[in-house]
Amino acid sequence: MTVRTRFAPSPTGFLHIGGLRTALFCWLYARRHAGHMVLRIEDTDLERSTPEAIQQILDGLEWAGLDHDEGPFFQTKRFDRYRDVIAELIETGHAYRCYCSKEELEQLRAQQTARGEKPRYDGRWRERTDSLPGVAPVVRFKNPLSGEVVVDDVVHGRVVFQNSELDDLIIARSDGTPTYNFCVVVDDMDMEITHVIRGDDHLNNTPRQLNMLLALGKKPPVYAHLPMILGPDGAKLSKRHGAVSVLQYRDEGFLPEAVLNYLVRLGWSHGDQEYFSIEEMVRLFDIADVNKSASAFDVGKLAWLNQQHMMRAPASRLVPVLRWHLEHEGIQATSDDQLEQIVVSQRERAKTLLEMAVNSRFFFIAPTSYDEKAVRKHVTADVWAWVGEVSKELSQLADWSAPAIHALISGFAAAKGASLGKLAQPIRLAVCGGTVSPPIDATLAILGKDEALARLAKALAAWSA
RNA sequence: GCUCCCUUCGUCUAGUGGCCCAGGACAUCGCCCUCUCACGGCGAGUACACGAGUUCGAAUCUCGUAGGGAGCGCCA
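Model, not experiment: these values are computed from the prediction.

Caption draft 1: Local environment of the layout of surface pockets. Here the largest pocket is characterised by a volume of approximately 1200 Å³. Ser10, His16, Gly19, Asp201 and His202 are the residues nearest the centre of the largest pocket, which is lined by 36 residues in total. Considering only residue class, the lining of the largest pocket consists of 15 nonpolar, eleven polar and ten charged. In this model, the second largest pocket occupies a volume close to 560 Å³.

Here it is, written out as structure tokens:
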């Protein structure tokens, strides 16, 4: 049996971190078993679905690199099929028309809640065959009245529901359009989905879907209900924290492979391993090893993982991303070669590529001012003179490479009986304007001889005052 | 309210009856390395929600309690 999973978002908003994790698990499971992942857009809610949201979801998946093998299929394009199945269900006695008005149902619910009961449809049209003229009916599924439904869930184990707890859900609205729980059943059946992997907020829907599937004479798929992802404070992911588009992580300088690595470790682990390449995830991940409990989103750990990925990636992988972020900062970078040097010297001092871009501004834009406190601290009269002397020596240097620069500066410092730091900090201040940069030799090398010397001269002039 | 789900350090987790007075990672703090910032290394503190039971022995099994979550729509 070929594994077939599906990712089925509803296009009512952007793809957030929870949706991405579900997509990731569907994708990993399909890839691991050489199966197919189908993408299905659940857009039956005509009111809330938007084309922009569809595009955002597609963009998010693409950025993450989670490709699908089939689809996207749109539920709105399958209305004829749903109509046929509804007709079939009515014909076989598994569904019926209900002429209750919304007001009538609201009243029923109000009464039940007042009595402390679970609000549910009481089946008043279940056995009626007449109709109410002038009223457009809904269609309800005739759920079994007794017995139990067992969901054999891969992550939760055996979960038992009593049929008496379930009511006759609406499968077609009075305007004839089908509803979510019903469409899911028909789609999963038609698309021959073997593994339904979704958030565990759907666990309660599963017995209803199982009953419908049984009424249609189909074998149920394997179910895996994933624990939810909570906000950093342990509360439900909300707009205020965490519930942002996955594309925002791109904008903040995260690598998709790092985000995926972070997400795969939420609810799943493989011994003590923290770092996973995409290939390792595919090879090692198994849905059966997933935890049952919800987990909180921790940006700090994501950031750490992001740096781990940056440090292990080939520099060429990071160059275009850094270039993208620099451009967003209004900086037009020139050579790939220079960017690669920047990446290599900066990646161990930045958690994200955005941070790297910001920290690397000075490579492209000469400082217009100098950190005053640092100047007072590091630029004394004799140090000022030394910087002048070392500048002169640097200007004579034929081989403008980090090792050569290092040899020159440390040799000069040694000759003066001073530590390298005594000299490195003022030079750093001169070329960066601040006290933080890669090692001074690398910084000067990347800057280029002309630029470095020009900045030194300018700083010397500014500090002579 | 009813039904269902969940519960190990601040956070992500290891652990499937003895290897655990609980291991790793992020974060925090300290030390080392060091030209800054980092990276890296070393070390510290911090957890089995609670209560019963089963057992020679429980983080691991059972029951209860508490807390959290989800669902109960002509939303998905």
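Caption draft 2: Broad picture of the sheet that holds strand β5 (residues 138-141). Read across the sheet, three strands follow the order β4-β5-β8 without closing on themselves; strand pairing throughout is antiparallel. Strands at the two margins of the open sheet, each flanked by one partner only, are β4 (95-98) and β8 (170-172). For this sheet the average axis-to-axis angle between neighbouring strands, irrespective of direction, equals 45°. As paired strands, β4 and β5 are joined by four bridges and run antiparallel to one another.

Caption draft 3: Region of interest: the pattern of salt bridges. In total, this model carries 28 salt bridges according to the counting rule given. A salt bridge links Asp188 to Arg40, with the nearest nitrogen and oxygen atoms 2.9 Å apart. Of this pair, Asp188 sits in helix α5 (residues 180-190) while Arg40 sits in strand β2 (residues 36-41), placing them 148 residues apart in sequence. Here Arg317 and Glu257 are joined by a salt bridge, their closest N and O atoms 2.8 Å apart. With a gap of 60 residues between them, Arg317 in helix α11 (residues 315-328) and Glu257 in helix α8 (residues 256-264) connect regions that are remote in the sequence. Given a relative accessible area of 29%, Arg317 falls into the partly exposed group.

Caption draft 4: Just the protein's contact with RNA strand B, in detail. The full set close to RNA strand B counts 62 residues, and Gly116, Arg173, Gly267, Glu348 and Arg349 are the nearest of them. At 3.1 Å from a sugar or linking oxygen of RNA strand B is found a side-chain nitrogen or oxygen belonging to His156. Between a sugar or linking oxygen of RNA strand B and a side-chain N or O atom of Gln425, the distance comes to 3.2 Å. Counting only elements with at least two residues in the surface near RNA strand B, the list comes to α4 (102-114), β7 (157-162), α5, β12 (295-296), α10 (299-312), α18 (420-432) and α19 (440-447). Top contributing element to the surface near RNA strand B by residue count: α10, with six residues. Class assignment for the residues of the surface near RNA strand B results in 19 nonpolar, 21 polar and 22 charged.

Rules used throughout
Residues numbered from 1 in each chain as written. Chains lettered and ligands numbered in written order. Predicted model: local features only at pLDDT ≥ 70, side-chain atom pairs only at ≥ 80, totals over all residues. Heavy atoms only, no water. 1 Å grid on protein atoms, 1.4 Å probe; cavity = no way out; pocket = protein on both sides within 12 Å on 5 of 7 lines; lining within 4 Å. Points joined across faces, edges and corners; volume = space filled by probe spheres on them. Nonpolar A, V, L, I, M, F, W, Y, C, P; charged D, E, K, R; others polar. Pairing = 2+ DSSP bridges. Helix = DSSP H or I, 4+ residues; strand = E, 2+ residues; numbered from the N terminus. Axes fitted to C-alpha atoms, helices over the stretch in contact; angles between N-to-C directions. Salt bridge = Lys/Arg side-chain N within 4 Å of Asp/Glu carboxyl O. Buried < 20%, exposed > 50% of the residue type's maximum accessible area, 1.4 Å probe, protein only. Near = heavy atom within 4 Å. Polar contact = N/O pair within 3.5 Å; in protein donor to acceptor, adjacent residues only side chain to side chain.

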